[in-house]
Amino acid sequence: MGVLAVPAGVRAILLDVEGTTTPIAFIKETLFPYVRDNVGAYLRTHWEEEECQRDVGLLRKQAQEDAGLEGAVPIPVESGNGDEELERVIQAVVDNVLWQMALDRKSTALKQLQGHIWRAAYTTGQVKGEVFEDVVPAIRKWREAGMKVYIYSSGSVEAQKLLFGYSTEGDILELFDGHFDTKIGPKVESESYRRIAASIGCATNNILFLTDVPREANAAEEADTHVAVVIRPGNAGLTDDEKSYYSLISSFTELFLPSST
């Protein structure tokens, strides 16, 4: 796809995860099935723990907000009336999680619980985070050139840190200056990119955002953030208009930093 020159004013590179640093197949064929297969067992094991109860509380609040949606699954409040009632509540949480996942929801409540389930998988060695082979050497080069590097994903910050902390390349968290998730705002809303710039301490046009999703690229662009769309194996195809409009790269090695010459 050639070389893409990074604009001279860029001081920070903001990276999406799924389809950008990491194969979509890893998310959809490893991480998501792990949650679907293990959410019930995880809840039963950790139900009495404060963290788990916070997760369930967030999901219950989300379920109340979703009450008018077709297929939405309410989560009743546990009243302490024995094991049968507890099992009904746990099953309602499981059903709610599966419903949200089937719709590919990005709710903070869902992402938080998923992150905690994945933590158990990563720390016990059942899962290792996958990154494309060009990612680590490219980021090291960017950092040597003085560039700051941040992650922005719909997956929780904790899930991001697990993926990169327990990756096939080892613990690579040192490569990142910070992490953002949907708590700062949805990735398809331009205001989120203004908040990220404020948090980093720079202008939006000092940031280059790499993503595989045109809607996210468009939102970032509306905030005056530089963007490039990443083409990776397994990513959704782009329209002809999107291909002609956006700067495209298929590897991080295609980014050229003027300051690195």
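In what follows, the structure referred to is the one given above.
Residues numbered from 1 in each chain as written. Predicted model: local features only at pLDDT ≥ 70, side-chain atom pairs only at ≥ 80, totals over all residues. Heavy atoms only, no water.

1. Quick look at the packing of aromatic side chains
Stage number 1. All told, the structure shown has nine aromatic pairs when counted by the stated rule.
Stage number 2. When the ring of Trp 142 is compared with that of Phe 252, the centres are 5.2 Å apart and the planes differ by 35°; the resulting orientation is tilted. Here Trp 142 is found in helix 5 (residues 135-144), whereas its partner Phe 252 is found in the loop between strand 7 (248-249) and strand 8 (255-256), with 110 residues between them in sequence.
Stage number 3. When the ring of Phe 164 is compared with that of Phe 176, the centres are 4.7 Å apart and the planes differ by 50°; the resulting orientation is tilted. (Phe/Tyr/Trp six-rings, centres within 6.5 Å; stacked < 30°, edge-to-face > 60°. Helix = DSSP H or I, 4+ residues; strand = E, 2+ residues; numbered from the N terminus.)

2. Re empty space enclosed by the protein
Stage number 1. By the definition in use, this model includes one cavity of 30 Å³ or more.
Stage number 2. Empty space within the largest cavity amounts to approximately 40 Å³.
Stage number 3. Phe 32, Met 101, Asp 104, Arg 105, Leu 110, Lys 111 and Gln 114 are the residues that line the largest cavity.
Stage number 4. At three residues, helix 4 (residues 108-123) tops the list of elements feeding residues into the lining of the largest cavity.
Stage number 5. Of the residues contributing to the lining of the largest cavity, the split by class is three nonpolar, one polar and three charged. (1 Å grid on protein atoms, 1.4 Å probe; cavity = no way out; pocket = protein on both sides within 12 Å on 5 of 7 lines; lining within 4 Å. Points joined across faces, edges and corners; volume = space filled by probe spheres on them. Nonpolar A, V, L, I, M, F, W, Y, C, P; charged D, E, K, R; others polar.)

3. Structural notes on the pairing of strand 2 (residues 12-15)
Stage number 1. Residues of strand 2 alternate between two faces, with Ala 12 and Leu 14 on one and Ile 13 and Leu 15 on the opposite face, all of them buried.
Stage number 2. Sheet topology note: the strand 2/strand 3 (residues 148-152) ladder contains four bridges and is parallel. When the bridges of strand 3 are listed, Leu 14 appears paired with Tyr 150.
Stage number 3. Pairing of strand 2 with strand 5 (residues 207-211), which is carried by four bridges, proceeds in the parallel orientation. Paired with Leu 15 across the two strands is Leu 210, which belongs to strand 5. (Buried < 20%, exposed > 50% of the residue type's maximum accessible area, 1.4 Å probe, protein only. Pairing = 2+ DSSP bridges.)

4. What to know about the nonpolar core
Stage number 1. Leu 15, Leu 43, Trp 47, Val 97, Trp 142, Leu 210 and Leu 255 are the most contacted members of the largest nonpolar core, which totals 61 residues.
Stage number 2. Among the elements that take part in this core, helix 1 (residues 24-46) stands out by supplying nine residues, more than any other.
Stage number 3. Among residues more than four places away in sequence, those in contact with Leu 210 are Ile 13, Leu 14, Leu 15, Asp 16, Thr 20, Trp 142, Ala 228, Val 230, Ile 249, Phe 252 and Leu 255.
Stage number 4. If you look at the next biggest cluster of nonpolar residues, it comprises 20 residues, including Leu 14, Tyr 150, Ala 197 and Ala 219. (Core = buried A, V, L, I, M, F, W, Y, C linked by side-chain atoms within 4.5 Å. Contact = heavy atoms within 4.5 Å.)

5. A few points about the packing of helix 7 (residues 190-200) against helix 8 (residues 214-222)
Stage number 1. With their axes 7 Å apart at the nearest point, helix 7 and helix 8 run at an angle of 60° to one another. When the axes of helix 7 and helix 8 are compared, the pair comes out oblique. When the axes of helix 7 and helix 8 are compared, the crossing they make is right-handed. Residues Ser 190, Tyr 193 and Arg 194 of helix 7 form the contact with helix 8, whose participating residues are Glu 216, Ala 219, Ala 220 and Glu 222.
Stage number 2. Considered class by class, the residues forming the contact of helix 7 with helix 8 number three nonpolar, one polar and three charged. (Axes fitted to C-alpha atoms, helices over the stretch in contact; angles between N-to-C directions. Parallel < 35°, antiparallel > 145°, perpendicular 65-115°, else oblique. Left-handed = near helix turned anticlockwise from the far one by under 90°.)

6. Brief notes about the side chain of Asp 55
Stage number 1. Following the sequence through the fold, Asp 55 ends up in helix 2 (residues 50-65).
Stage number 2. For the buried residue Asp 55, which engages in no salt bridge, the nearest side chain bearing the opposite charge is Arg 54, 5.9 Å off.
Stage number 3. Polar side-chain contacts of Asp 55 include one of 2.7 Å to the side chain of Gln 112.
Stage number 4. In this structure, Asp 55 is in contact with Gln 112, Leu 113 and His 116, ignoring residues within four places of it in sequence. (Lys, Arg positive; Asp, Glu negative; His and termini not counted. Salt bridge = Lys/Arg side-chain N within 4 Å of Asp/Glu carboxyl O. Polar contact = N/O pair within 3.5 Å; in protein donor to acceptor, adjacent residues only side chain to side chain.)

7. A word on the sheet that holds strand 6 (residues 226-230)
Stage number 1. A sheet is described by the order of its strands in space; here six strands give the open sequence 4-3-2-5-6-7, paired in parallel fashion. Both edges of this open sheet fall to strand 4 (178-180) and strand 7, since each of them pairs with a single strand only.
Stage number 2. With two bridges connecting them, strand 6 and strand 7 associate as parallel partners. Bridge pairing in strand 7 links Val 230 to Ile 249.
Stage number 3. In this fold helix 7 packs onto strand 2, strand 3, strand 4 and strand 5, with an angle of close to 140° to the strand it touches most, strand 3.

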